[in-house]
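# Observations on chain architecture
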Amino acid sequence: MRAGAGGTEPEGKRAPEAAEKPDSAVVRDALGVGIAVGLSGFAFGVTSAGGGLNLLQTCALSLLVFTGASQFALVGALAAGGNPLTAAAGAFFLGVRNTFYGLRLSQVLALPRAVRPFAAQWVIDETTAVTLAQPTRRAARIGFTVTGLSLYLLWNLTTLLGALGAKAIGDTDAWGLDAAGPAVFLALLAPMLTTTTERAVAALAVLLGLGLLPVLPAGVPVLAAALAAPIALYAEGRRHGGTRNDTQEEDR
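Residues numbered from 1 in each chain as written. Predicted model: local features only at pLDDT ≥ 70, side-chain atom pairs only at ≥ 80, totals over all residues. Heavy atoms only, no water.

With that settled, consider unusual backbone geometry. Unlike most non-glycine residues, Phe66 shows phi in positive territory, near 50°. Within the secondary structure, Phe66 is located in the loop between helix H4 (55-65) and helix H5 (68-79). By relative accessible area, which is 3% here, Phe66 ends up buried. (Helix = DSSP H or I, 4+ residues; strand = E, 2+ residues; numbered from the N terminus. Buried < 20%, exposed > 50% of the residue type's maximum accessible area, 1.4 Å probe, protein only.)

Take a look at the structure:
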């Protein structure tokens, strides 16, 4: 079965070569993502402090919200003088995508019911990408846990340090810290796009997201980009349908 962008759903039993990925390799990959993305918490801490939020508010956002895009959207809107309700709405729209991630991961991980509410806090872009890249359910659970734990701890630590050292660090754009998270996620996603249809979906999603960015509220272009999947699949179905009809006509 396919799983999202070119991955396959981890199962208890898979082909021998797929099931042989050692736990140490999964942990290494997960830690790499957690550390690389977790460091960008510096940028959030600095941005939040510069946007007028105090230390407690900044740290509370990372502890309780824990989804970087929504956090940056919120503090960015507040720093620009936006209405708090409007800023929160934009952050909410960006966070909606995690709900869809959760639906998929619930099937892949098959966690006990008692654990799911706690695991939900770690359902974000990076944990989803690492989890879906694994060949077995065991590897998926390890990848999800290690990525979530390392990223959560490091993100909150660097948020605190960034907020405390906001004046000393200065402009985060000059350091490139704000680009670390998206760069890692794209690096994870790119190898998973193995078919023409998957690449078409990714390209169309980028066009929709960037094209709608100037005209829609923050967060909405991200949701609108999800339309790329049904559009591309519909076009693919029409193309295959036309090919089958042409073949049938030739047979007659």
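So, about the packing of aromatic side chains. Counted by the stated rule, this structure contains 5 aromatic pairs. Considering the side-chain rings of Trp122 and Phe144, the 6.5 Å spacing of their centres and the 50° angle between planes classify their relative orientation as tilted. Pair noted here: Trp122 is in the loop between helix H8 (116-119) and helix H9 (125-132) and Phe144 is in helix H10 (residues 137-164), with a separation of 22 residues, a long-range link. Each member of the pair, Trp122 as well as Phe144, carries the same accessibility label: buried. An aromatic cluster is built from Phe66, Trp122, Phe144 and Tyr152, whose rings are joined through pairwise contacts. (Phe/Tyr/Trp six-rings, centres within 6.5 Å; stacked < 30°, edge-to-face > 60°.)

Orientation of H4 relative to H10, taken along the N-to-C sense of each, is 165°, at an axis distance of 9 Å. In this view, H4 runs roughly antiparallel relative to H10, as classed from their interaxial angle. Of the two possible hands of crossing, H4 and H10 adopt the one that is right-handed. Between H4, through Leu55, Thr58, Cys59, Ser62 and Leu63, and H10, the contact on the second element is made entirely by Tyr152, Trp155, Asn156, Thr159, Leu160, Ala163 and Leu164. (Axes fitted to C-alpha atoms, helices over the stretch in contact; angles between N-to-C directions. Parallel < 35°, antiparallel > 145°, perpendicular 65-115°, else oblique. Left-handed = near helix turned anticlockwise from the far one by under 90°. Contact = heavy atoms within 4.5 Å.)

Let's shift gears to the pattern of salt bridges. With the rule as written, the count across this model stands at 4 salt bridges. For Lys21, the salt bridge identified is with Asp29, shortest N-O distance 3.5 Å. Connected through shared salt-bridge partners, Lys21, Arg28 and Asp29 make up one network. (Salt bridge = Lys/Arg side-chain N within 4 Å of Asp/Glu carboxyl O.)

Moving on: helix H7 (residues 97-109). In this model, H7 (13 residues) spans 18 Å end to end at C-alpha, consistent with the 18 Å of a helix rising 1.5 Å per residue. Every buried residue of H7 is accounted for by Arg97, Asn98, Tyr101, Arg104, Leu105, Val108 and Leu109. Of the residues flanking the end of H7, it is Ala110, one or two places downstream, whose phi is positive at about 50°. (Expected span 1.5 Å × (residues − 1).)

Turning our eyes to something else, we now look at H5. Between the first and last C-alpha of H5 there are 16 Å, a value that for 12 residues agrees with the 16 Å anticipated at 1.5 Å per step. Here H5 has its buried residues at Ser70, Gln71, Ala73, Leu74 and Val75. Residues of H5 that are buried in the fold lie against helix H3 (41-50), H4, helix H6 (84-95) and H10. Note on H5: the residue one or two positions beyond its end, Gly81, has a positive phi of about 90°.

Next up on the list: the confidence of the model for the protein chain. Detail in the predicted coordinates should be disregarded across regions flagged by low pLDDT. For the protein chain, the average pLDDT comes to 80, and 77% of its residues sit at 70 or higher. Confidence scores differ between elements of the protein chain, with strand S1 (residues 2-3) showing the lowest mean pLDDT of 37 and H10 the highest of 95. Below a pLDDT of 50 lies the segment residues 1-8, which in the model reaches 24 contacts outside its immediate sequence neighbourhood of four places, other chains included. (pLDDT = per-residue confidence, 0-100.)

This part is about the nonpolar core. Counting residues in hydrophobic clusters, the biggest one holds 31 residues, and the most contacted among them are Leu61, Phe66, Leu105, Leu109, Phe144 and Leu151. Taken together, the elements giving at least two residues each to this core come down to helix H2 (23-38), H5, H6, H7, H9 and H10. For this core, the element with the highest residue contribution is H10, accounting for 8 residues. With sequence-adjacent residues up to four places away left out, Leu105 is seen in contact with Ala110, Val123, Thr128, Thr131, Leu132 and Phe144. (Core = buried A, V, L, I, M, F, W, Y, C linked by side-chain atoms within 4.5 Å.)

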